[in-house]
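If you want the building blocks of each chain, they are given just below.
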Amino acid sequence: MSRRPLRECGAGSYAVPVVGVRLLGPVVVEADTTVPLGGAKQRGLFALLAGSVPPRRTDDQLIQGLWGEEPPASARNAVQVYVTGLRRALQPLGLGIARSGDGYALTGSAYEVDVVRFETVVAQGRAALRGGDAGRAADLLEQALRLWGGTPFDGVGDLPAFEQWRDALVAVRQSARADLATALLRTGRYDEAIATAQALVADHPYDERGWVVAATAQYWAGRQAAALETCTRARDLLADELGVDPGPELAQLPTQILRQELRDPTEGRAAPDGGADDEAAEPVPSLPPLPPAPDPFVGRQDAVQEVLDLVAAGRRVITLVGMGGIGKTTLSLAVAHRLDEADRAVLFCELEAETDAASALDRVCRDLGVDPEDDAAAAIGSGPADVIVLDNAEQVDGLGAALGDLVRRYAAPQFVLTSRTHVGARGEQTVPVSPLMVGAGEGEASPATELFWAAAARVRPDVDRGGDDADVRQLCELLGGIPLAIELVAGRMRTQTPAHLLRRVVEHRTSLLDTRSTGHLPARQATLRVVIDAAVGSLSGPARQLLRLAAGVDGWVRQETLEQVADPVLADDFLAALDELSSHGLAAVDRAGRVRLPPPVREFVREDGGAPVEPLLPVVVDLAEEFGARLYGPEASEALANLTGDADVLGTVLNRAVEDGAPAETVAAAARLLIALRRYWLLASRIPEARRWSGVLRDRAALRELDRARLAILDGNLAQWVDDHRARDLLESGLADATRLGAPSDRLLVSGWCSLAAHTATYGEVDTAERAVAQAAATAAESGDPLLVGLVQDLEGFVANQLGDLETALNASLRGLETARAAGDEYDIVTLLTAAAEVLSELGRDAEAVRFADEAFERTTRLELGPQWVVGLVIRAAVQVAAGQVAAARGSVLEGLRSARRQHPAPKTFADGLRTMAAVEAASGRDEEAARLTGAALAIMADLQLDNDGTSRVDLVAAAARDRMGEEAWRAVGAIGAADPMGVLDRLLAEPT
């Protein structure tokens, strides 16, 4: 493969690639044939893989890149579907996408990616320029800039991953253009240097380097008046538009031009053969070696890349912020070593002993080996370092102002700082350092658990991981993924096992906050309590109040919700208090604006005075009733996003409500909350949790009888979705009690009758289903709500389909679809598209069926759909196999079954998926596998007491295999599948993706 890491690629070292991947413009693959990369998200996934070095991304990175911080529950499955589509498109080119650990990697024959080539050649050009070979630098930089063909990643839309990546590439291009102008100047190609620099400042008018090169080149080209005019234009523009004076190099340039003191840019530079003018060259102090690279270094690769991208984009002050013990120094060291490997001149400077800016800058000068004389900033600005890492900067008074002045006056160096809060430098870019990720893919170690085992091995080299990973993961969750806390607790492995440690912590016999290091740590990091206490002790009064309120939530909370909770005590101080908590590392704020206290911080606050749930109750119940109502109609996606953002808040209130001794008002509020969010539990895939809460609350003596009946209807609704045989009893008893008690004719009551009708129709109980439909219609009409009337019409279509009346079912689905489109309810649109696709397929109208199924799928990738996503994928696969799209059907049904097995276990879904997969295998000529899958599917249906008449399209496709095998052989192989249906399913899903 021609693709290699940046520093291993030399100019001209690439073989002629078989395939060209173009990302610096429209995202395309250049080959002999057109390569269909698919829609925006599928094309974006390809770009994420191809543009990475190495060409691999984890599942979480792909999901976040395509959907951002709040992806739909279907995102992981959608990624797998996109991968299947890309594999089909890339396979003729000798390329593939392979499963790699907890992610995917681009594999195959030689290919070249223009983004990788661009970054590689720019780095080589800069190294040549820094080494004095300006001619080679100019050639390389021109070569790199010619790779651009437009706006990077054109064709992927506004997907979250690409905005910052696109900006970083544009910044690298801007810097490369400035480097090219400088290289042309140093080779005496003055006219080209002028043109390049003028084009640069036309696009980036505040780039002082471009103005300096343009004026200098004009002077040496014999155009002194033009050079002075360029200086004047630059000075006036900076003053008028930014209100600043030019930096020292640009400020001094007019005087140097008038006195003819400008040094010849071509003198003292290395010749192409490596020679140099020794008299002109000045000795450059050597930098001290970096401290050893962190070992182990886990879970921060994305953060390292984020900082490297900011450095590449030319950011001058980058501050890594977070609470003590979060791993800021470790991260900064990893960044320093990566920059050093890329031939950047890097200084690592420890500021723990410094208290003011003057002493800090003097310390930097000493480490640089330069004489500060009367101006330390000048010595640093003209010193040998490209990048200076300043560790432990938070206690240095005035550092932000000093660095701001330095970067304004001098073009170099760049600074990377570690601090518990931002230092306030002009143009400072902060990078929050988050706790290590605790969760991981199935069978994968997480960064937090990897750090635990590495730290344990230092005190107990013979440590055996054995089967303790689950205990270690739970310990790391309790520790909030904070590296210092993980290392402190892992130090106890000298005499303990993870199970012993976890049991002691759960039983409150060992305090995570008070565990001490068995090795040497500074006093400020002696225990986690010391670290947190120091941070809390520096807070203002409002910040302490907000900390106490936030500690009442077991997880994340949206800022809007937290602000409503805090409003009675904080009013206008909320944002300032939140900023204070965040800047001290006591609260994390994610990109969606949600707030979370790390578990140890939450424990510290609760020990110190408690965190009552009462302030949450009225706010959360109001939130549930407002957004629960908006889950129906055009605002459904927004409402679901808000509820998903507050999922932990909902869980906190409900968990407290089901505790023994919960007050009656808390129990009543929880019942209102559960019922208001009926559709949310389904869409958010939280059916098991909702049913557990509902079951406990129904047993509470303090609950009103009507609320108990309504909770039974809710439980029956949810049970019907997961094929629980208790659904009928729950629905019938709940509906009878609700009717007897005079329950209002609202959505819960109508949906209860609809669920009863759907459940009984599925089992062929025609009379009961028809009576439930009639009762649903009467209740909906009594409510006067047209949406509920429409819901019953949709139900009539479902029942007609189950009873074999396909024309009636199709007409009902199409009428409902028209209504849903007019109302803008995306969820109903997807449900009705899927229903219509299924009926159209059974009617033999394959082209229409595929079109409807594909539209439904594309819409689902933007939504949270819970188990409806799984049902939709299985139906899509059935439509595809009936239409002859066998390969596509295989991908759809496998992802549907995987999601069902992992997240939405429902026996009927398993049976439908296995029947569809049997048709896929039959259409592929794998008759025995079709027989085995059919046997497994029929066994599951028999357990559910469901009949299968064998007349559906997928059954007819599978029947062709039975005809080829003969009835006796078909039954014999089918019996093998029927003996262990879930084993058949698990073996099917064990195939590599």
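Residues numbered from 1 in each chain as written. Predicted model: local features only at pLDDT ≥ 70, side-chain atom pairs only at ≥ 80, totals over all residues. Heavy atoms only, no water.

- For the protein chain, an unreviewed UniProt entry supplies the name DNA-binding SARP family transcriptional activator and the organism Ornithinicoccus hortensis.
- The record held by UniProt for the protein chain lists under Sequence similarities (unreviewed entry) the comment "Belongs to the AfsR/DnrI/RedD regulatory family." (UniProt positions renumbered as here; feature names shortened; annotations may be inferred.)

## Digging into the overall build of the protein chain
Here's step 1: Secondary structure assignment for the protein chain yields 45 helices and 14 strands.
Here's step 2: Taken against the 2.2 N^0.38 rule, which gives 30 Å for 993 residues, the C-alpha radius of gyration of the protein chain at 33 Å falls within 12% of a compact globule.
Here's step 3: Projected onto its principal axes, the C-alpha coordinates of the protein chain cover approximately 105 × 70 × 60 Å.
Here's step 4: Residue burial in the protein chain is summarised as follows: out of 993 residues, 53% are buried.
Here's step 5: When the 99 positive and 145 negative side-chain charges of the protein chain are each reduced to one mean point, those points stand 2 Å apart. (Helix = DSSP H or I, 4+ residues; strand = E, 2+ residues; numbered from the N terminus. Rg over C-alpha atoms; globule rule 2.2 N^0.38 Å. Buried < 20%, exposed > 50% of the residue type's maximum accessible area, 1.4 Å probe, protein only. Lys, Arg positive; Asp, Glu negative; His and termini not counted. Charge placed at Lys NZ, Arg CZ, Asp CG, Glu CD.)

## Focus: the sheet that holds strand β13 (residues 588-589)
Here's step 1: Judged by pairing direction, the sheet is antiparallel, and its three strands sit side by side in the order β12-β14-β13 without closing on themselves. The sheet is open, and its two edges are formed by β12 (556-558) and β13, each paired on a single side.
Here's step 2: Alignment of β13 against strand β14 (residues 594-596), held across two bridges, turns out to be antiparallel. By the bridge assignment for β14, Val589 is matched with Val595. (Pairing = 2+ DSSP bridges.)

## Focus: a negative patch on the surface
Here's step 1: On the surface, a cluster of negative charge is made up of Glu563, Asp567, Asp572 and Asp573.
Here's step 2: Summarising the element assignment, Asp573 is placed in the loop between α22 (559-570) and α23 (574-583).
Here's step 3: We classify Asp573 as partly exposed; its relative accessible area is 38%. (Patch = residues over 30% accessible without salt bridge, like charges linked within 9 Å, V, L, I, M, F, W, Y side chains within 5 Å. Areas by Shrake-Rupley, 256 points an atom, 1.4 Å probe, with all protein chains shown as cover. Salt bridge = Lys/Arg side-chain N within 4 Å of Asp/Glu carboxyl O.)

## Things to note about the pattern of salt bridges
When the charged atoms of two side chains with opposite charge come close together, those side chains can pair.
Here's step 1: Evaluated as defined, the whole model comprises 54 salt bridges.
Here's step 2: Taking the shortest distance from any N to any O, the salt bridge between Arg672 and Glu625 comes out at 3.0 Å. One end of the pair, Arg672, is in helix α28 (residues 664-676); the other, Glu625, is in helix α25 (residues 617-629), and 47 residues separate them in sequence.
Here's step 3: What makes Arg672 partly exposed here is its relative accessible area of 42%.
Here's step 4: Exposure remark for Glu625: the relative accessible area of 33% places this residue in the partly exposed category.
Here's step 5: Where Arg630 meets Glu626, a salt bridge forms, and the shortest distance between an N and an O atom there is 2.9 Å.
Here's step 6: According to the relative accessible area criterion, Glu626 is partly exposed, its value standing at 42%.
Here's step 7: What emerges from the salt-bridge pattern is a single network uniting Arg691, Arg698, Asp715, Asp724 and Arg726.

## Remarks on the packing of helix α17 (residues 469-478) against helix α19 (residues 498-506)
Here's step 1: It is at 9 Å that the axes of α17 and α19 come closest, and there the two elements cross at 40°. With respect to α19, the element α17 is oriented oblique. For α17 against α19, the interelement crossing comes out left-handed. Counting all contacts with α17, which are made through Asp471, Val472, Gln474, Leu475 and Leu478, the residues of α19 involved are Pro498, Ala499, Leu501, Leu502 and Val505.
Here's step 2: Here the contact of α17 with α19 is composed, by residue class, of eight nonpolar, one polar and one charged. (Axes fitted to C-alpha atoms, helices over the stretch in contact; angles between N-to-C directions. Parallel < 35°, antiparallel > 145°, perpendicular 65-115°, else oblique. Left-handed = near helix turned anticlockwise from the far one by under 90°. Contact = heavy atoms within 4.5 Å. Nonpolar A, V, L, I, M, F, W, Y, C, P; charged D, E, K, R; others polar.)

## Here we look at the side chain of Arg117
Here's step 1: By secondary structure assignment, the location of Arg117 is in helix α4 (residues 114-130).
Here's step 2: A distance of 2.7 Å separates a polar atom in the side chain of Arg117 from a polar atom in the side chain of Gln143. (Polar contact = N/O pair within 3.5 Å; in protein donor to acceptor, adjacent residues only side chain to side chain.)

## Here's the deal with the sheet that holds strand β9 (residues 387-391)
Here's step 1: Taken in spatial order, the five strands of this open sheet run β8-β9-β10-β7-β11, and their pairing is parallel. The outermost strands of the open sheet, each flanked by one partner alone, are β8 (346-350) and β11 (429-432). Each strand of the sheet is rotated relative to its neighbour by a mean of 20°, with strand direction disregarded.
Here's step 2: Across five bridges, β8 lies against β9 in parallel orientation. Residue pairing for β9: Cys349 is matched across the bridge by Leu390.
Here's step 3: Set on the sheet, helix α15 (residues 399-409) makes contact with β7 (317-321), β9 and β10 (414-419); between it and β10 the angle comes to about 170°.

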